[in-house]
Amino acid sequence: MLRSVPKIAMVTSEAVPFAKTGGLADVCGALPKALVALGAQVALFLPRYSTITQPLRRIGEFYVPYGPGYRATLEQAELDGYTAFFISQDELFNRPNLYGYSDDPYRFGFFARAFVSAISSSGFFPEVVHCHDWQAGLVPAILRHGFLVPPALSDLPVVFTIHNLQYQGLEDRRLLDWARLPQYLFHPEGLEFHGSASCLKAGVVYANQVTTVSPTYAQEIQRSELGYGLEGLLSKTALQGRLRGILNGLDYQEFNPATDQRLYQTYDAHTLEGKRANKRALLKDLGLPAEQDLPVIGMVTRLADQKGLDLFPPVLDQIMELPLRLVLLGTGEDKYHQLFTQVARRFPHKVSLHLKFDAQLAQRIYAAADLFLMPSRFE
């Protein structure tokens, strides 16, 4: 048990069961439950996307000093011993997708500023703020240096976690004016990055502690191959004792085939016939020939270069010559949507493609697959 009962506010752009494009959502959905089990009080803060279908309770409206100034709405939901708060602003978040828009840095700069403004409306005053990836990277800079920030918030300890250094949330220096940050922060030791303002760099520079998703990744991002221009800063941060890697865990309740009701049939290490039953049922549902002796390869991934998908084209024909079934679930870059759409059309009896987020199908793929393919380049 924790020696005290800290109040932790987690700021993230996605978390299961509400919104997901990748592993960030899994971590931010599981970590609050783990912290609550250790005795912490946790509140999760997310944007209110139009894709969120769960019932939410409206708390009220508040003003956000960002850009021209916005009115936002705060809503909440209760789950597994913690509260999730949702910052609603239709102009910025009432869209079909979470990301992929030219104004994403502006949108999530608003989200960071809105979190600071929403604290008083939420009734949850944290003792620690935990920010995730570039979408929440401006939070520590705003808390430390932002105009119109209540003094009681300016000294809050902040942890910033890097899940993926490749995406940094770059915008021109107007971002500081929009977020009500002083322009004197725009310099190489601040949040300036090759002439742009970097939301991710702001998180690294102004947070008290910086973590990554594994000890290995903490080392990898200090090298030029995977540092994306920030390796010098991150090496300095490590020397200061502010950077450490903490291995991502797994939610053992969420990913337990013995109890997961989303599966065709539950099973455990002593009842492996249940796994074979899941395999047969999945192949039948997806319209693939259910030849039991052929291996089913599962892929549940974000379709992006980082995930190693650029390794596929040179060996695709060789893979498809093998006696197998391939089930792929995920979304991402358009070039990979096109690539795997063509593969599915060429090999309709071998490949089942699903370009979407589907939590139930993901669990069924995990449970049924004989092999899991994950050619990630790092992490």
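Asker: How do you make sense of the nonpolar core when you look at a structure like this?
Answerer: If you look at the biggest cluster of nonpolar residues, it comprises 87 residues, and the most contacted ones within it are Ile87, Phe110, Phe115 and Leu138. Ranked by residues supplied to this core, first place goes to helix α3 (residues 104-122) with 10 residues. The residues touching Phe110, leaving out its near neighbours within four places in the chain, are Val64, Tyr66, Tyr70, Ala72, Ile87, Gln89, Leu92 and Phe93. Judged by nonpolar contacts, the second largest core, of 18 residues, contains Leu303, Leu339, Val351 and Leu353.

Asker: I keep staring at the side chain of Thr161 and nothing clicks. Help me out?
Answerer: You can see Thr161 is positioned in strand β7 (residues 158-162). Looking at Thr161, its side chain comes within polar contact range of the side chain of His130, at 2.6 Å. Polar side-chain contacts of Thr161 include one of 2.6 Å to the side chain of Thr211. Residues within four places of Thr161 in sequence aside, it is in contact with His130, Cys131, His132, Asp133 and Thr211.

Asker: Teacher, can you tell me more about the packing of helix α4 (residues 138-145) against helix α6 (residues 199-206) here?
Answerer: Packed helix pairs are characterised by how far apart their axes lie and by the angle those axes make with each other. Packing of α4 against α6 leaves a shortest axis separation of 6 Å and a crossing angle of 55 degrees. Classified by the angle their axes make, α4 and α6 are oblique. The two elements α4 and α6 meet at a crossing, and its hand is left-handed. Between α4 and α6, the contacting residues are Leu138, Pro140, Ala141, Arg144 and His145 on the first element and Cys199, Ala202, Gly203 and Tyr206 on the second. For the contact of α4 with α6, a count of residues per class yields six nonpolar, two polar and one charged.

Criteria and thresholds
- Residues numbered from 1 in each chain as written.
- Predicted model: local features only at pLDDT ≥ 70, side-chain atom pairs only at ≥ 80, totals over all residues.
- Heavy atoms only, no water.
- Core = buried A, V, L, I, M, F, W, Y, C linked by side-chain atoms within 4.5 Å.
- Buried < 20%, exposed > 50% of the residue type's maximum accessible area, 1.4 Å probe, protein only.
- Helix = DSSP H or I, 4+ residues; strand = E, 2+ residues; numbered from the N terminus.
- Contact = heavy atoms within 4.5 Å.
- Polar contact = N/O pair within 3.5 Å; in protein donor to acceptor, adjacent residues only side chain to side chain.
- Axes fitted to C-alpha atoms, helices over the stretch in contact; angles between N-to-C directions.
- Parallel < 35°, antiparallel > 145°, perpendicular 65-115°, else oblique.
- Left-handed = near helix turned anticlockwise from the far one by under 90°.
- Nonpolar A, V, L, I, M, F, W, Y, C, P; charged D, E, K, R; others polar.

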